[in-house]
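Chain residues, written in single-letter form:
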Number of protein chains: 2
Amino acid sequence: MTTKRVKGTIKKAYQDKEPVLLAVDCIIFGFDIEGLKLLIFKRHYQPLAGEWSLLGSFVERDENIKDTAHRVLKEVTGFNKIFVEQLHTFGSVARDSGDRVVSIAYWSLIKLNEQNTHLNVEGYEAKWVDFKKVPKLVLDHNEMVNVALSRLRERARIRPIGFELLPDKFTLPQLFNLYQAIYQTTLDDRNFRRKILRSGLLLELGEKDKSTSKRGAQLYKFDYDRYEQLTKEGYLFEI
Amino acid sequence: MTTKRVKGTIKKAYQDKEPVLLAVDCIIFGFDIEGLKLLIFKRHYQPLAGEWSLLGSFVERDENIKDTAHRVLKEVTGFNKIFVEQLHTFGSVARDSGDRVVSIAYWSLIKLNEQNTHLNVEGYEAKWVDFKKVPKLVLDHNEMVNVALSRLRERARIRPIGFELLPDKFTLPQLFNLYQAIYQTTLDDRNFRRKILRSGLLLELGEKDKSTSKRGAQLYKFDYDRYEQLTKEGYLFEI
DNA sequence: CCAAAAGTGTTTTAATTACACCCATGA
DNA sequence: TCATGGGTGTAATTAAAACACTTTTGG
């Protein structure tokens, strides 16, 4: 016990042992007309090759952990302007079958209907799956997904994060469907509209999206600047 | 880039390099008559010996990271029945001056007025400091404290964790003062009482605490069972 | 008897809920 | 012209906010 107590005194001994390995795994959500989805990958290396998995990588010695996540995400999504947030670090001794690997999970939201739908999945076998029907994944990856889903729900309630899953220009029916999908519930559309518009965070664009109806639905974009401003003033978004 | 892509292909190379070290640091909050406080420690090992710091330890190879946190906390607090939650993992390359150390921060709430006020601080030089006047700590520990404080505020709003900072038996004025301290604001005591009592989560004990007034204040305890029950039914605590 | 802290009610205002029909348009 | 999805208003209920005095009791 006393040998463990203090960092300094045990470092040498610690380094001589087989080290704890450090990895990053990414939970990637997307949303389209069919609903909320998760991006999963077929592992093509041992152990557990051929099974479905989240995408991850080891953390390099000279790499910020945040950069590991961005590296992994950039490689598949091609881009950049996506929402990424650290989720939780998973570190049970038994979580990986072989080595001791501690994994820092990051969750990410990508705008599926954007041009970046063209995922750079060469070299990977990847697929989007309905978030309600995620297959068995390797190790504790299903648990990671569950934690990410809770976090998404928690965050979406108090932060305007839904917009990260929609194209830059979106319609109220899209946003409405997104919230219904996230919370797996039905909402009253009149009340939803009133509440979201009251926040003053949507800019009406004066354009219409006619892809889903003859009449067309008003397009909006999220006013990030105003949100920044309001947040500074102590405003709390809540839906 | 391609060499980094897949865990399997790089593992051997990865292990030959100097490893990334993994540590746990704990942010410990307490609350007493004087207000909300943070427990800090004087480092008695190099580097940075003599400076104020959070308490931490390296993660042992055969130890769950959660257990590392509990080990650290148990050693100082003597006990057990304390609130501990993972906060965030800090992993900038430059965060530690010497080795590459990634640190998983845990935050904790302890019931100061309990008998466990008798912290087992032999061997440590420790002190409670006002959370508004935290001195310069080593490395990125001040940032950790700030993140923990945000988390405390976020959590206290939507989960009944205030109780984790109070003795098992507490009075409404105590709880009221705690919330005022956490949010650094003044609240209306009538509205606060009504709201907290309406939740039905406080059990009136029929005893009075006369330590702060002649009249004495009604003692309550938090009804954990009822909270469990309500939570299952979809109840959301909010203060 | 009085200082000091504990405790209590009401009114006003704002938000939430529940609910059903008209609008615009392309095929 | 009609089927389809987009859009709108109001009343009832409930929660939030604002506000000041009375109670208890040990010293």
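Computed from a predicted model, the values in this text were never measured in an experiment. Just so you know, the residues in each chain are numbered from 1, in the order the chain's sequence is written. Chains carry letters from A onward and ligands carry numbers from 1 onward, assigned in written order. Thresholds applied to this predicted model are a pLDDT of at least 70 for local features of residues and 80 or more for the giving and counting of side-chain atom pairs; totals over whole chains, interfaces and linings are not thresholded and use all residues. Hydrogens and water molecules were not included; the side-chain quantities draw on all heavy atoms of the structure.

The side chains of a regular strand alternate between the sheet's two faces. Residue and element names in this part refer to chain B. Of all eight residues that make up strand E5 (residues 83-90), six are buried, and the element is covered over most of its length. Two strands pair when backbone bridges link them, and E5 and strand E6 (residues 101-110) are joined in this way by seven bridges, in the antiparallel orientation. Looking at E6, one finds that Gln 86 is bridged to Tyr 106. Burial here depends on accessible area, computed with a 1.4 Å probe over protein chains only, as a share of the maximum for the residue type. Under 20% is buried, over 50% is exposed, and the range in between is partly exposed. Only DSSP runs of H or I reaching four residues or more are called helices, and only runs of E reaching two or more are called strands; each is numbered from the N terminus. At least two bridges found by DSSP between two strands is the condition for calling them paired.

A separate point is the sheet that holds strand E8 (residues 170-171) of chain B. All names here are of chain B. Pairing is antiparallel in the open sheet, where three strands are placed in the order E8-E10-E9. Two strands in the sheet have a free side with no partner beyond their single neighbour: E8 and strand E9 (202-209). Sheet topology places E9 next to strand E10 (residues 217-222); five bridges connect them, and they run antiparallel. Across the sheet, Leu 202 pairs through a bridge with Phe 222, a residue of E10.

Turning next to the protein's contact with DNA strand C. Among the 20 residues in the neighbourhood of DNA strand C, the closest are listed as A:Arg190, A:Arg215, B:Arg193, B:Arg215 and B:Gln218. Consider each residue's heavy atoms; a residue with any of them within 4 Å of a molecule or strand counts as near. Counted by atom, the contact set of DNA strand C within 4 Å of the protein is 43% sugar and phosphate. A distance of 3.5 Å separates a base oxygen of DNA strand C from a polar side-chain atom of A:Arg194. At the level of secondary structure, the elements contributing two or more residues to the surface near DNA strand C comprise helix H6 (189-198) of chain A together with helix H6 (189-198) and E10 of chain B. Examining the composition of the surface near DNA strand C, we find that five residues originate from one element, H6(A), more than from any other. Here the surface near DNA strand C is composed, by residue class, of two nonpolar, five polar and 13 charged. Identification of polar contacts relies on pairs of N or O atoms within 3.5 Å, with a donor-acceptor requirement for protein atoms, meaning one able to donate a hydrogen and the other able to accept it, and with residues adjacent in sequence counted only if both atoms are side-chain atoms. Residues are grouped as follows: nonpolar covers Ala, Val, Leu, Ile, Met, Phe, Trp, Tyr, Cys and Pro; charged covers Asp, Glu, Lys and Arg; every other residue, Gly included, is treated as polar.

Glancing now at the protein's contact with DNA strand D. Taken together, 20 residues form the shell around DNA strand D, and within it A:Arg193, A:Arg215, A:Gln218, B:Arg190 and B:Arg215 come nearest. Atoms of DNA strand D within 4 Å of the protein belong to the sugar or the phosphate in 43% of instances, the rest to bases. Side-chain polar atom of B:Arg198 to a phosphate oxygen of DNA strand D: 3.0 Å apart, as the coordinates give it. B:Lys214 is positioned with one of its side-chain polar atoms (N or O) 3.2 Å from a base nitrogen of DNA strand D. Within the residue set of the surface near DNA strand D, elements represented by two or more residues are H6 and strand E10 (217-222) of chain A together with H6 of chain B. In terms of residue count, the dominant contributor to the surface near DNA strand D is H6(B) (five residues). In terms of residue class, the surface near DNA strand D is built from two nonpolar, five polar and 13 charged.

Do not read the fine detail of predicted coordinates wherever pLDDT is low. As a per-residue measure, pLDDT tells how confident the predictor is, with possible values from 0 to 100. A residue-level look at chain A finds 87% of positions with pLDDT of 70 or above and a mean pLDDT of 87. In this description, contact between two residues means that some pair of their heavy atoms is separated by no more than 4.5 Å. Contacts from residues 1-13 of chain A, a stretch scored under 50 in pLDDT, to residues over four places away or in other chains number 28 contacts.

Another aspect to go through is helix H5 (residues 172-183) of chain B. Residue and element names in this part refer to chain B. Its twelve residues place the ends of H5 17 Å apart at the C-alpha level, agreeing with the 16 Å of an ideal helix rising 1.5 Å per residue. Along H5, the residues classified as buried are Leu 172, Leu 175, Phe 176, Leu 178, Tyr 179, Gln 180, Ala 181 and Ile 182. Just downstream of H5 lies Gln 184, where phi reads positive at about 50 degrees. One less than the number of residues in a helix, times 1.5 Å, gives the span that helix is expected to have.

All right, on to the sheet that holds E10(A) then. All names here are of chain A. Read from one edge of the open sheet, three strands run E8-E10-E9, paired in antiparallel fashion. Every other strand in the sheet has two partners, leaving strand E8 (170-171) and strand E9 (202-209) as the edge strands with one partner each. Here E8 runs beside E10; their pairing, made up of two bridges, is antiparallel. For Thr 171, the partnering residue across the bridge sits in E10 and is Leu 219.

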